[in-house]
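# Tertiary structure, described
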Amino acid sequence: VPPTLTPPLALSRRYRGLTLVLTFLCYTSYHLSRKPISIVKSQLHPNCSALGPNPHNDSNSSTWCSWAPFDGDNYKELFGALDNAFLVAYAIGMFISGIFGERLPLRYYLSGGMVLSGLFTALFGLGYFWDIHVLWYFIVVQVCNGLVQTTGWPSVVACIGNWFGKGKRGLIMGIWNSHTSVGNILGSLIAGVWVSSAWGLSFIVPSIIITTMGIICFFFLVEYPEDVGCSPPLHHVRVTSSEKDPEAVTSNEGPLSVSSQSSVDCSNSPEEPTEEPEAISFLGALRIPGVVEFSLCLLFAKLVSYTFLYWLPLYIVNVGEFLGTVRRERAWQGEHLLTPPLSLAAHFGAKEAGDLSTLFDVGGILGGIFAGLISDYTGGRATTCCVMLVVAAPMLFLYNHIGQNGIGTSIAMLIVCGALVNGPYALITTAVSADLGTHESLKGNAKALSTVTAIIDGTGSIGAALGPLLAGLISPTGWNNVFYMLIAADVLACLLLARVVVKEVRGWCGCIARKRGYVRT
């Protein structure tokens, strides 16, 4: 029977659990507020001919129900511009956000960013009720929203890093990072409720949610263990003759367990004041081993992930319409279809396509947990990412060619692709960022967490901006070309980790050799 926790240790566990849950809900609301634009796209430029004749007798009957300025033939390019406005602003702001996050109170910084995110998300939706049809309005709102959304990621990762040691970080953060996919799923479902009736509410309701969470965060988030009389975790333990073997200590450590070496203890006794470490510089963070490689890898991994985030619902609608047209033409010609029903997605509207696209995020949840668990067990973060990226490339090819052959095939392929694409992305942005932000070269200075996280995620956000932009430019030439671009990005992401993978493999080989030498003696 495990011993009963003393009150200070029980208090520590409660605070760690509170930090996990609260930061999870906070970043879930961030992604929940980003998702509506991908659901609403197909409603801004629907297939008006399927709705019957134009009641206003407009000469352009194919676009009479579209929302100007997205009613022209260049609507895909305009959608790409909307995505790019948000993502470029997000990428630029992320590099600056980490610097501010190290120097400002995280609770104020995070809650203020959430309230502002709610404001700009609501302004986009109010364009529907205010009957706004000028492109610059939506572009400006997207830019502002992209900038304020950068407050989220460095803040929540820094909070988790402040409370948790390295022991089971991959598994903990793999589960915790499911907030990204949970937010995307909830955002899709919530936006889908109003997308066909009043798409403005698809933005306003998520804006209310993120604003409410920002207020809750302001009152309940605890930034540092020291704020409630707890000692900080030891991220790297040096073993001395008087200390226990850290391997023995951390081997039994669970996600919320409290150990003497790597977790947080609470004490009622006052602590001696210590000198506050200086925040690391931008160049200093770049010199941490592995930061550059993982940042560039994330650039291409996030390019793939965000292309799916912003374009998957429209892809499902467009491909379904195309296959439905092909099937009807064959039927008119009297041809017998021997293939599976190609009209699977032909009847998918904006809501149905949005609901189906959530399966990609379901796969992302599973992939993030699986990647964290495997990397904890093997100790190879880079190798885990590389293997998943290698397998993802042929899966993307298969999804594009057979993913619409039946509802069962589509569901299975979306889940598999989501796991393989979002698994490495989740691992790099969470456990890897926290590992590098508490690297041994920092000598215990945890003030680098926000800066390192911002550099890695900021570089990845450049890819997140490029992906939807390239998809908007390439998709008019055919969706096959979009998938070829995504496959190439996956391969490049894998190659950029080659040096780190070789280093990890050499470490394993050296460890095996040492163990064999020990056995022989």
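Residues numbered from 1 in each chain as written. Predicted model: local features only at pLDDT ≥ 70, side-chain atom pairs only at ≥ 80, totals over all residues. Heavy atoms only, no water.

### A closer look at the pattern of salt bridges
All told, the structure shown has 4 salt bridges when counted by the stated rule. Across the pair Lys41 and Asp83 runs a salt bridge whose closest N-O atoms are separated by 2.5 Å. Taken together, the residues Lys41 in helix 2 (residues 36–44) and Asp83 in helix 3 (residues 75–103) connect sequence positions 42 residues apart. Among the ionic pairs, Arg381 bridges to Asp376, the shortest N-O distance being 3.1 Å. Taking relative accessible area as the criterion, Asp376 reaches 25% and is therefore assigned partly exposed. (Salt bridge = Lys/Arg side-chain N within 4 Å of Asp/Glu carboxyl O. Helix = DSSP H or I, 4+ residues; strand = E, 2+ residues; numbered from the N terminus. Buried < 20%, exposed > 50% of the residue type's maximum accessible area, 1.4 Å probe, protein only.)

### Examining the packing of helix 3 against helix 5 (residues 135–148)
As a packed pair, helix 3 and helix 5 sit with axes 7 Å apart at the nearest point and diverge in direction by 30 degrees. By the angle class used here, helix 3 and helix 5 are roughly parallel. Note on packing geometry: the crossing formed by helix 3 with helix 5 is right-handed. Counted together, Leu78, Ala81, Leu82, Ala85, Phe86, Ala89, Tyr90 and Gly93 of helix 3 and Leu135, Phe138, Ile139, Gln142, Val143, Asn145, Gly146 and Leu147 of helix 5 form the full contact between these two elements. Each residue belonging to the contact of helix 3 with helix 5 can be placed in one class, and the counts come to 12 nonpolar, 4 polar and no charged. (Axes fitted to C-alpha atoms, helices over the stretch in contact; angles between N-to-C directions. Parallel < 35°, antiparallel > 145°, perpendicular 65-115°, else oblique. Left-handed = near helix turned anticlockwise from the far one by under 90°. Contact = heavy atoms within 4.5 Å. Nonpolar A, V, L, I, M, F, W, Y, C, P; charged D, E, K, R; others polar.)

### Topic: the nonpolar core
Within the largest apolar cluster, 116 residues are counted, with the highest numbers of intra-cluster contacts made by Phe138, Trp176, Phe308, Leu396, Tyr399 and Leu486. If one sorts the elements of this core by residue count, helix 12 (residues 291–332) sits on top with 17 residues. Residue contacts for Tyr399: discarding those within four places in its chain leaves Phe308, Leu312, Tyr315, Ile316, Gln404, Ser410, Met413, Leu414, Cys417 and Phe483. (Core = buried A, V, L, I, M, F, W, Y, C linked by side-chain atoms within 4.5 Å.)

### Focus: the environment of Leu106
Among the secondary structure elements, Leu106 is positioned in helix 4 (residues 106–129). Taking C-alpha positions, Leu106 is 6.0 Å from Ser155, a pair spaced 49 residues apart along the chain. When near neighbours in sequence (up to four residues on either side) are disregarded, Leu106 contacts Gly101, Ser155, Ala158, Cys159, Asn162, Glu223, Tyr224 and Ser450.

### Here we look at a nonpolar patch on the surface
Together, Tyr108, Val115, Ile215, Ile216, Phe218, Phe219 and Phe220 make up a nonpolar patch on the protein surface, roughly 680 Å² of accessible area in all. Of all the elements in the fold, those that place two or more residues in the nonpolar patch are helix 4 and helix 9 (201–220). At 5 residues, the largest contribution of residues to the nonpolar patch is made by helix 9. (Patch = residues over 30% accessible without salt bridge, like charges linked within 9 Å, V, L, I, M, F, W, Y side chains within 5 Å. Areas by Shrake-Rupley, 256 points an atom, 1.4 Å probe, with all protein chains shown as cover.)

### What to know about the packing of aromatic side chains
Enumeration over the complete set of coordinates arrives at 28 aromatic pairs. Both rings, one in Tyr306 and one in Tyr310, keep their centres 6.0 Å apart while their planes meet at 35 degrees; by these two values the pair is tilted. Remark: Tyr310 and Tyr306 occur in helix 12; sequence separation between them is 4 residues, near one turn of the helix. The class for Tyr306 is buried, based on a relative accessible area of 2%. Judged by centre distance (6.4 Å) and plane angle (65 degrees), the ring pair of Tyr306 and Tyr425 falls under edge-to-face. (Phe/Tyr/Trp six-rings, centres within 6.5 Å; stacked < 30°, edge-to-face > 60°.)

### Regarding the confidence of the model for the protein chain
This prediction gives the protein chain a mean pLDDT of 79; 75% of its residues lie at or above 70. Across the protein chain, element-level confidence peaks in helix 9 with a mean pLDDT of 96 and bottoms out in helix 10 (residues 246–250) with 35. In this model, residues 236–263 is a region of pLDDT below 50 whose contacts with residues beyond four sequence positions or in other chains number 50 contacts. Taken as a whole, residues 336–346 scores under 50 in pLDDT and shows 22 contacts with residues more than four places along the chain or in a different chain. (pLDDT = per-residue confidence, 0-100.)

### Observations concerning the packing of helix 8 (residues 179–194) against helix 9
Two elements in contact, helix 8 and helix 9, have axes separated by 8 Å at closest approach and are oriented at 135 degrees. Considered as vectors, helix 8 and helix 9 are oriented oblique to each other. The hand of the helix 8/helix 9 crossing is right-handed. Residues Ile190, Ala191 and Trp194 of helix 8 touch helix 9, and the partners they reach there are Leu201, Ser202, Val205, Pro206 and Ile209. Class assignment of the residues belonging to the contact of helix 8 with helix 9 gives a composition of 7 nonpolar, 1 polar and no charged.

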